[in-house]
Amino acid sequence: MADMMKTKPFKRMAQRVTETQILFPALALIVSAVLWMGTVLLIRVDTQATRDSALAMTRELTETYEAQVLRVLREIEQNFKIIQYAFDQQPRDQILAELSVRELLPPTLLFNIAILGPGGRPLPGSATLAYPVDEDTLATHAQSDNLIIDAPAATTSSSEYLQFRRRLSNQQGDFVGVAVIEADAAFFTSSYDESRMGENGMLALIGTEGQVKVRRLGQQVIAGEPMNYGEFMEGLASDMETVSLLRRSPLDGELRYISARALFGFPLAVAVGLSEAEQHAPMQARADTYIARGALINLLLLLVIGLLWRLSAQLARSRRLEVENKIAHAEQIEYLAYHDGLTGLPNRSLFSKLLSQNIAQGVRANTQLALMFLDLDHFKYINDTLGHDAGDDLLKEVSQRLRDALRESDIVARLGGDEFVVILPVVKTAEECVTVARKIIQTVAKPYQLAGQNFSVTASIGISMFPEDGRDEETLTKHADIAMYKAKQEGKNTFQLYSSNLHAESIERLALESNLRQALERDQFTLMFQVKQNLKRDGISGVQAVLRWQHPHMGLVTPSRFLKAAEEMGLLVPIGRWMLNQACRLHQQWLAASGQTLCIAVELWRPMFYASHLLADIQSALKDAGLPPECLEVEISESVLMEDIDKSIKILSNLKALGVRIALGNFGVGYSCMGNLRSLPVDVIKLDRSFVSNLSPDNEDRERAEAICTLGKSLGMTLIADGVETDSQMQYLKANSTRCLEGFYRNSPMTAEAFSNLIQSLERQAS
């Protein structure tokens, strides 16, 4: 554990160092530092090599210069010895001439040689001296036998001479004169080599008494400068070796590599100086090159590192974005896995988890919870009429209203379609659930603005409670669904608490729905036929085809028991198409057999009436059966027609153009169609059975039925009364111009065979 504690900080630090924003700047700094350290080191090495070379060359030049000067001085000394010898052996007036003839004197081109007597008078053959020898000088020589070297006062003239003098003595040692040799001062610096010493190098012959006998700086020759000999020679004087130093020259302030040597046996020293600036110039040029190359290389490296940094940063950013996208995608997937994409509410999966959690909490806390199963009434109608976009908007608005109507602790989820569930985590009594259910119903029932129109939608709610109605998620949901279905059966826009009695009804309904889907495939539907009685002629005016389901276990099932389920399952269109085809086929057979020109009526349910293929279906049914269009009467309910009156008129016009008869069924229930009746291309109006059943004299429906009869008669339409069951009803309708009637008063719906026998019997009676 301790090792792990130590390792983690190190690992974090290593990760931190490898981050792009730290790694590449650090790498650039290190590379630049190494590069410039190498450059500086190279310059230093070169500088040191240049310095060492300059010092070595200074020493070499000094030793060479020393040898050259010594050779000249020794020649001069040798000349003085020759003169002294000749002075002792020959007549003094002929000494110089004799020595010259014998070529024992140096060439006069370089040297001026003179012999002065004790009073300063030159002997014959003496050269004219550049500098006369005065009495004080002669007195000095009279007292000393030393070689005296004089130079003129400081001058830059190129014609100055150095004067070498030495005392002449007789054999007794008495002062008898002075031998003088003058030499061009420039001669002593003629070894100046500009190719090695540069333009600002120095050669100097220095007197130990503090006078620079001659000094050459490049092309300039200077003689007779005063100087501090001891100070100049400090650090340079050595008998064993030649010492070189870099110092500033006391004569001109120039920084030079200087070396000097005292000349043995002479009061002189030679000095050589090399200009530090000139000697370092090549090295400085190389240093500048090193720096330029270093800067260029450093710039290239920085560009490469910068490029790598940029690429690495882009790669890191891409990876980071990729990771972020993956995380966002994973979060989105997780969100979509547990939430409804349209409303943002928890979906079925999350609802299942939340309900299970709340059930577990209820078990631990010994509390009740309620589950509400909510389904919108007629939501399919909204989708079919306004489109799915309007349906989606409605679902989102309902979701928001549910959230606003409930507490924060309550849970709303959407299971799919128009199905919502609500979990009330803690409830004490069923009355609390009822209160919430009523609040939800009121909230949902408020108007909606959809596709620019105001619409109202209601909701049916089923309620189950934990633990009374179930102790697990599946049972509670199933029981709430059963209760919701019961609420819809009770008229919708209401709620229903679950009870055990609902369970049996639900099982029956489920069995019905299960078998209904297979009924068409198994040919379990059949048609029955309701005769339309003509009151004026007391005969048959037509027949109404009615649907029945021949259930293998439940027997003959009327549409009232299965049509709603068929509508919810989307089976009304295929069932209606089968019904239409079957009615046309049978009716054509009857017409062919009996010669009757009866008309058969088939009801068009709402989905079939608004289907785009309605005309094609009718044409196909007529064509397949060979039935004339005028023998088919399609019946549309007034409520279906009024859902979209403009569209309905177009459909009716197309049907009329096809040649079929049109009947308006359930007419008069809401007066909704009476104002538009003149514009509807209908042939028959069927008085709703609710009016027929209430034809007592003091009943309001009787007045309405009379108004409908009058209206139909004035428009020339055939009026049929539906659901006539008594003689009084028949008599009343007959008296009020009702042409036909349907109902059990004359007969109940019969099979195809019975109806065939009936019309054949009527045919025989007629013949």
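**Section: the overall build of the chain**
Tallying secondary structure elements over the chain gives 23 helices and 26 strands in all. The dimensions of the chain, computed from C-alpha atoms along their principal axes, are 205 × 65 × 45 Å. Buried positions account for 46% of the 767 residues belonging to the chain. Restricting to contacts in the chain with at least 6 residues of sequence separation, those with at least 24 account for 63%. When the accessible surface of the chain is summed, it comes to about 38,900 Å², and 52% of that surface belongs to carbon and sulfur atoms.

**What to know about helix H4 (residues 135-143)**
Those residues of H4 that sit buried are Thr137, Leu138 and His141. For H4, the arc enclosing every buried residue in end-on projection is 100 degrees, short of the 170-degree limit, so these residues lie on one face. Those residues of H4 that are exposed and angled more than 90 degrees off the buried face are Glu135, Asp136 and Gln143. Considering only its buried residues, H4 is in contact with strand S2 (148-150), strand S3 (161-169) and strand S4 (175-184).

**Concerning the confidence of the model for the chain**
Mean pLDDT over the chain works out to 85, with 91% of the residues at or above the 70 mark. Low pLDDT, under 50, characterises residues 1-6; the predicted model gives this stretch zero contacts beyond four residues in sequence or across chains.

**Description of unusual backbone geometry**
Going from Phe466 to Pro467, the amide bond is cis rather than trans, its omega being 5 degrees. Here His378, not a glycine, exhibits a phi torsion of approximately 60 degrees, which is positive. Here His378 lies in the loop between strand S11 (368-376) and helix H9 (379-386). We classify His378 as exposed; its relative accessible area is 51%. For Asp523, which is not a glycine, the phi torsion comes out positive at approximately 55 degrees. The exposed category is assigned to Asp523, whose relative accessible area is 55%.

**Side note on the packing of aromatic side chains**
Per the counting criterion, the structure on display carries eleven aromatic pairs. Ring geometry for Phe111 against Phe187: centres 6.0 Å apart, planes inclined by 70 degrees, an arrangement best described as edge-to-face. Taken together, the residues Phe111 in strand S1 (residues 111-116) and Phe187 in the loop between S4 and helix H5 (194-197) connect sequence positions 76 residues apart. What makes Phe111 buried here is its relative accessible area of 7%. Both rings, one in Phe525 and one in Trp549, keep their centres 6.1 Å apart while their planes meet at 40 degrees; by these two values the pair is tilted. Within this pair, whereas Phe525 is found in strand S18 (residues 525-534), its partner Trp549 is found in strand S19 (residues 539-551), the two being separated by 24 residues in sequence.

**Quick word on the pattern of salt bridges**
A side chain with one charge may pair with a side chain of the opposite charge, provided their charged atoms come close. Counted by the stated rule, this structure contains 23 salt bridges. Note that Arg165 and Asp150 form a salt bridge whose closest N and O atoms lie 2.5 Å from each other. Separated by 15 residues along the polypeptide, Arg165 in strand S3 and Asp150 in strand S2 bring together distant segments of the chain. On the basis of relative accessible area, Arg165 is assigned to the buried category, the value being 3%. Look at Asp150 and you get partly exposed, because its relative accessible area is 31%. Between Lys532 and Glu633 there is a salt bridge, and its shortest N-O distance comes to 2.8 Å. On the criterion of sequence distance, the pair formed by Lys532 in strand S18 and Glu633 in strand S22 (residues 632-637) is long-range, its members being 101 residues apart. Pair check on accessibility: Lys532 and Glu633 agree, each one buried. Look at the salt bridges and you will find they share partners, linking Arg215, Glu225, Asp252 and Arg256 into a network.

**Thoughts on the nonpolar core**
Ranked by size, the top nonpolar core spans 71 residues in total, and within it Phe529, Phe609, Ile618, Leu632 and Leu655 carry the most contacts. No other element matches helix H15 (residues 572-594), which puts ten residues into this core. The next biggest cluster of nonpolar side chains, apart from the first, holds 49 residues, and it includes Met57, Phe164, Ala183 and Leu274.

**Some remarks on the packing of helix H17 (residues 614-625) against helix H19 (residues 645-658)**
Look at H17 against H19: their axes get within 11 Å of each other, and the N-to-C directions meet at 20 degrees. Comparing the axis directions of H17 and H19 gives the class roughly parallel. Judged by the twist between their axes, the crossing of H17 over H19 is right-handed. Contact residues: Leu614, Leu615, Ile618 and Gln619 in H17; Ile651, Asn654, Leu655 and Leu658 in H19.

**Comments concerning the sheet that holds strand S16 (residues 459-466)**
Strands sit in the order S12-S13-S11-S16-S17 across an open sheet of five strands; the sheet is mixed. Every other strand in the sheet has two partners, leaving strand S12 (411-416) and strand S17 (495-497) as the edge strands with one partner each. On average, each strand axis in the sheet is tilted by 20 degrees relative to the strand beside it, whichever way the strands run. When S16 meets S17, the two strands line up parallel, connected through three bridges. Residue Ile463 lies in a different strand from S17, and its bridge partner there is Leu497. Strands S11, S12, strand S13 (419-427) and S16 of the sheet are contacted by helix H8 (residues 348-365), whose axis makes an angle of about 20 degrees with S13. Helix H12 (residues 473-489) contacts S11, S16 and S17 of the sheet and is inclined by roughly 145 degrees relative to S16.

**Quick look at the pairing of S22**
Across the six residues that make up S22, a large majority, six, are buried. Residues Leu632, Val634 and Ile636 point to one face of S22 and Glu633, Glu635 and Ser637 to the other, with burial holding for every one of them. Two elements, strand S21 (residues 599-604) and S22, share five bridges in a ladder whose sense is parallel. By the bridge assignment for S22, Ile600 is matched with Leu632.

**Thoughts on the environment of Phe455**
Mapped onto the elements, Phe455 comes out in strand S15 (residues 453-455). We classify Phe455 as buried; its relative accessible area is 15%. Here the alpha-carbon distance between Phe455 and Thr108, two residues 347 residues apart in the chain, equals 141 Å. If we skip the residues at most four places from it in the chain, Phe455 touches Ile382, Leu386, Lys446, Pro447, Tyr448 and Leu450.

**Some points on a nonpolar patch on the surface**
Residues Leu296, Leu299, Leu300 and Leu303 make up a contiguous nonpolar surface patch of roughly 390 Å² in combined accessible area. Look at Leu299 and you get partly exposed, because its relative accessible area is 46%.

**A short note on the sheet that holds strand S8 (residues 244-248)**
Sheets are built from strands paired through backbone hydrogen bonds, the pairs being either parallel or antiparallel. Pairing within the open sheet is antiparallel, and its six strands lie in the order S7-S6-S5-S10-S9-S8. Of all the strands in the sheet, the pair left with one neighbour each is strand S7 (220-226) and S8. Strand-to-strand twist of the sheet, defined as the mean angle between neighbouring strand axes without regard to direction, takes the value 25 degrees. Relative to strand S10 (residues 268-275), helix H2 (residues 20-89) is tilted by about 150 degrees, and along the sheet it contacts strand S5 (202-207), S8, strand S9 (255-262) and S10. Contacting S8, S9 and S10, helix H7 (residues 276-338) runs over the sheet at an angle of about 35 degrees to S10.

How each quantity is defined
- Residues numbered from 1 in each chain as written.
- Predicted model: local features only at pLDDT ≥ 70, side-chain atom pairs only at ≥ 80, totals over all residues.
- Heavy atoms only, no water.
- Helix = DSSP H or I, 4+ residues; strand = E, 2+ residues; numbered from the N terminus.
- Buried < 20%, exposed > 50% of the residue type's maximum accessible area, 1.4 Å probe, protein only.
- Contact = heavy atoms within 4.5 Å.
- Areas by Shrake-Rupley, 256 points an atom, 1.4 Å probe, with all protein chains shown as cover.
- Arc of directions from axis to C-beta.
- pLDDT = per-residue confidence, 0-100.
- Phe/Tyr/Trp six-rings, centres within 6.5 Å; stacked < 30°, edge-to-face > 60°.
- Salt bridge = Lys/Arg side-chain N within 4 Å of Asp/Glu carboxyl O.
- Core = buried A, V, L, I, M, F, W, Y, C linked by side-chain atoms within 4.5 Å.
- Axes fitted to C-alpha atoms, helices over the stretch in contact; angles between N-to-C directions.
- Parallel < 35°, antiparallel > 145°, perpendicular 65-115°, else oblique.
- Left-handed = near helix turned anticlockwise from the far one by under 90°.
- Pairing = 2+ DSSP bridges.
- Patch = residues over 30% accessible without salt bridge, like charges linked within 9 Å, V, L, I, M, F, W, Y side chains within 5 Å.

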